[in-house]
Amino acid sequence: MSPARFVATWFGVGLLRPAPGTWGSLAALPIFWALHVLGGPWLAVASTVVVCVLGWWAVGAAARGAADPDRSEYVIDEVAGMWIALLPLSFGARASGADILALYPGWIVAFFGFRLFDIWKPGPIGWADRQKTALGVMLDDVLAGIAAGALVLALAAAWHILLA
């Protein structure tokens, strides 16, 4: 396996069946937790940026010459999107002094929200997916992660209002 394909499949996770995108999203969770514990939200942000750039390179190199670079085994885009969806939890845990795992309802919303937006592909998420480029492969999941992160924030705000 080439280095680019190894990275694009998130070290082989994308080869798991069925539903490699879901496996990639699940594999992102413990690594995000470790990043938060080791360096808080800013390490999580920096790592997310690195994974986005690395994914753009890896998908482009691994799919060079393919008509459609969005192979189901390439799941580094799911990792990037999942980490974006989880960023509000990292910042919220840091701001409140809470253990990030205590915010488990947010983890659940982030995971299922991200998977929903990644599969459904509404609006600009679908547009990015239709680009058929390495950037499009990464961008649709980045946008799905932003949408899921916004959902996490909206539900957290609604919960806070209900408890006030």
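Since the model is a prediction, treat every value here as computed from it, not as a measurement.

Draft legend 1. Up close: unusual backbone geometry. Residues Arg17 and Pro18 are joined by a peptide bond in cis, for which omega reads -5°. Looking at the element boundaries, Pro18 is found in the loop between helix H1 (3–8) and helix H2 (20–62). Phi angles above zero are rare outside glycine, and Phe11 is one such case at about 65°. Mapped onto the fold, Phe11 is located in the loop between H1 and H2. A positive phi angle, near 55°, is found at Ala19, a position not held by glycine.

Draft legend 2. Quick look at the packing of helix H3 (residues 76–96) against helix H4 (residues 104–120). Packing of H3 against H4 brings their axes to within 9 Å, and their N-to-C directions diverge by 140°. If you check the angle between H3 and H4, you find them oblique. Along this stretch, H3 crosses H4, giving a crossing that reads as right-handed. Across from Glu78, Gly81, Met82, Ala85, Leu86 and Leu89 in H3, the residues of H4 making contact are Gly106, Trp107, Ala110, Phe111, Phe114, Arg115 and Asp118. When the residues that make up the contact of H3 with H4 are grouped by side-chain class, the tally is 8 nonpolar, 2 polar and 3 charged.

About the criteria used
- Numbers given to residues run from 1 along each chain, matching the order in which its sequence is written.
- Under the rules for a predicted model, residues below a pLDDT of 70 receive no local features and side-chain atom pairs below 80 are neither given nor counted, while totals for whole chains, interfaces and linings still include all residues.
- Processing note: side-chain calculations cover all non-hydrogen atoms of the structure and skip hydrogens and water entirely.
- Going along the chain from the N terminus, every DSSP run of H or I of four or more residues is numbered as a helix, and every run of E of two or more is numbered as a strand.
- Every axis corresponds to a line fitted to the C-alpha atoms, with the helix fit spanning only the stretch in contact, and the corresponding angles, defined between N-to-C directions, vary from 0 to 180 degrees.
- When an angle is under 35 degrees it counts as roughly parallel; over 145 it counts as roughly antiparallel; between 65 and 115 it counts as roughly perpendicular; any other value is oblique.
- With the far helix as reference, a near helix turned anticlockwise by less than a right angle produces a left-handed crossing, and one turned clockwise produces a right-handed crossing.
- Contacts are assigned to residue pairs with any non-hydrogen atoms lying within 4.5 Å of each other.
- Three classes are used: nonpolar for Ala, Val, Leu, Ile, Met, Phe, Trp, Tyr, Cys and Pro, charged for Asp, Glu, Lys and Arg, and polar for all others, with Gly counted as polar.

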